[in-house]
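Here are the chains, one letter per residue:
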Amino acid sequence: MAKIKTIIDGIEVEVERDSWAIDVARELGIDIPTLCYHPALGPYGACRLCVVEVTKSKWTWLATACDLPIREELSIKTNTPEVIRSRKMAMELIMARAPRAESLFPLAEKLGVTKPRFKCRDDIGNCILCGLCVRMCDQIIGVSAINFANRGHKRIVTTPLHKKADKCIGCNVCVEVCPTGHVKTLDDGSFRHMQTWDADLEMLHCLICDKPYIPAKQFKVISDKLEGIELKRICPVCRRKETVDNLRYAVVEKVS
Ligand code: SF4
Ligand code: FES
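Caption draft 1: Focus on empty space enclosed by the protein. Counted by the stated rule, this structure contains two cavities of 30 Å³ or more. When its volume is computed, the largest cavity comes out at roughly 120 Å³. What lines the largest cavity is a set of 15 residues, among which Cys137, Ala145, Cys168, Cys171 and Cys174 lie closest to the centre. Contributions of two or more residues to the lining of the largest cavity are made by helix H4 (132-140) and helix H5 (173-177). Among the elements that make up the lining of the largest cavity, the one with the highest residue count is H4 (three residues). Classifying every residue of the lining of the largest cavity by side-chain character gives 14 nonpolar, one polar and no charged. Taken as a whole, the second largest cavity holds about 80 Å³ of empty space.

Caption draft 2: Region of the structure containing the environment of Arg87. Tracing the chain through its elements places Arg87 in helix H2 (residues 81-97). Residues Arg87 and Ile70, spaced 17 residues apart in sequence, show a C-alpha to C-alpha distance of 21 Å. Arg87 has contacts with Ile32, Pro33, Leu49, Cys50, Val51, Val52, Thr78 and Leu111, leaving out every residue within four places of it along the chain.

Caption draft 3: A look at the site of ligand 1. Every residue lining ligand 1 is accounted for by Cys127, Ile128, Leu129, Cys130, Gly131, Cys133, Val157, Cys178, Pro179, Thr180, His182 and Val183. Using a 2 Å cut-off from the grid points, one finds that ligand 1 occupies the second largest cavity. Grouping the amino acids of the shell around ligand 1 by side-chain chemistry returns nine nonpolar, three polar and no charged.

Caption draft 4: Main features of the packing of aromatic side chains. Enumeration over the complete set of coordinates arrives at zero aromatic pairs. Stacked on the ring of Tyr44, the Lys or Arg Arg135 has its end atom at 3.8 Å from the ring centre.

Caption draft 5: Expanded view of the domain arrangement of the protein chain. Split into domains, the protein chain comes out as domain 1 (3-110) and domain 2 (132-231). Computed from C-alpha atoms alone, the centre-to-centre distance between domain 1 and domain 2 is 31 Å. With twelve residues of domain 1 at the interface, the matching set in domain 2 holds eleven residues. For the pair domain 1 and domain 2, the summed buried area comes to about 950 Å², and 59% of that belongs to carbon and sulfur atoms.

Caption draft 6: Layout of the layout of surface pockets. Computed from the structure, the largest pocket encloses a volume of approximately 350 Å³. Taken together, 14 residues line the largest pocket, and the ones lying closest to its centre are Ala46, Leu93, Ile94, Arg97 and Ile128. Of the residues contributing to the lining of the largest pocket, the split by class is eight nonpolar, three polar and three charged.

Caption draft 7: Here's a closer look at the side chain of Arg192. Residue position: Arg192 is located in strand E9 (residues 191-194). Among the polar contacts made by the side chain of Arg192, one reaches the main-chain carbonyl oxygen of Gly170 at a distance of 2.7 Å.

Caption draft 8: Representation of the pattern of salt bridges. Under the defined criterion, the tally for this structure stands at 13 salt bridges. Between Arg17 and Asp18 there is a salt bridge whose closest N-O contact spans 3.8 Å. Since its relative accessible area comes to 29%, Arg17 is described here as partly exposed. Note on Asp18: relative accessible area 30%, which makes it partly exposed. A salt bridge links Glu242 to Lys232; its shortest N-O distance comes to 3.8 Å. In this pair, Glu242 sits in helix H7 (residues 236-255) while Lys232 sits in the loop between helix H6 (216-226) and H7, placing the two residues ten residues apart along the sequence. A network of salt bridges, in which partner residues are shared, links Arg17, Asp18, Arg71 and Glu72.

The rules behind the values
Residues numbered from 1 in each chain as written. Chains lettered and ligands numbered in written order. Predicted model: local features only at pLDDT ≥ 70, side-chain atom pairs only at ≥ 80, totals over all residues. Heavy atoms only, no water. 1 Å grid on protein atoms, 1.4 Å probe; cavity = no way out; pocket = protein on both sides within 12 Å on 5 of 7 lines; lining within 4 Å. Points joined across faces, edges and corners; volume = space filled by probe spheres on them. Helix = DSSP H or I, 4+ residues; strand = E, 2+ residues; numbered from the N terminus. Nonpolar A, V, L, I, M, F, W, Y, C, P; charged D, E, K, R; others polar. Contact = heavy atoms within 4.5 Å. Near = heavy atom within 4 Å. Sits in = over half its atoms within 2 Å of the grid points. Phe/Tyr/Trp six-rings, centres within 6.5 Å; stacked < 30°, edge-to-face > 60°. Lys NZ or Arg CZ within 6 Å of the ring centre and 35° of its normal. Domains from an automatic or database assignment. Buried area = accessible area lost by both parts, 1.4 Å probe. Polar contact = N/O pair within 3.5 Å; in protein donor to acceptor, adjacent residues only side chain to side chain. Salt bridge = Lys/Arg side-chain N within 4 Å of Asp/Glu carboxyl O. Buried < 20%, exposed > 50% of the residue type's maximum accessible area, 1.4 Å probe, protein only.

Shown next, in the form of structure tokens:
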């Protein structure tokens, strides 16, 4: 890959052409807020919190850093008054959509937003449409159990036809990545309830300790991916213990 020079906040760096500006900035230790970015996923550009100021020859414009490829002669500033104003506006729009999303309060405060100037919604939970759950489920898990529906202010993340998420395997990745806690799940013994997607998944029990630890559907998806390699039905705790015991036996055998 061809290397090119770029300048971020006055620091000149040599990077691969088409590297994402957000990754380059973060490698330099520059803090850029994000809500829809995840390094494991492709660029998305939905939340607009990562806005930066870009200059090339006599032109200057604002662009989202998470989907800005570094090209020749770009100079980037991450902290100008225009950048700060734009991020604040983006955060106000986000907070107006999910005014009760407490996990966003610290970031909102940092960006100078206490109360959004826009009319607040109170009918769609805490979803800010960052798309992390949808993209993770599709691109990383390969299941596509959920997706966006509707347009404009009625846009939501939901299951196909708003029915029970038949394809959901209960892996909980959507719960992990959701920045607002909108996606809810509950384990009650033998079932995992993906409450937001209306899916109830039967859990498999560990063959050693008998604790329920993984939805049967998730186990099957992983087993199928392993193609011929047998996946033991053992929970992470017992697996760790087994590994430590094996290591201990190996050491004992070696020294005796
Ligand atoms: S449910 Fe959470 S992760 Fe999914 S789009 Fe909404 S805020 Fe993002
Ligand atoms: S992180 Fe760049 S637009 Fe959301």
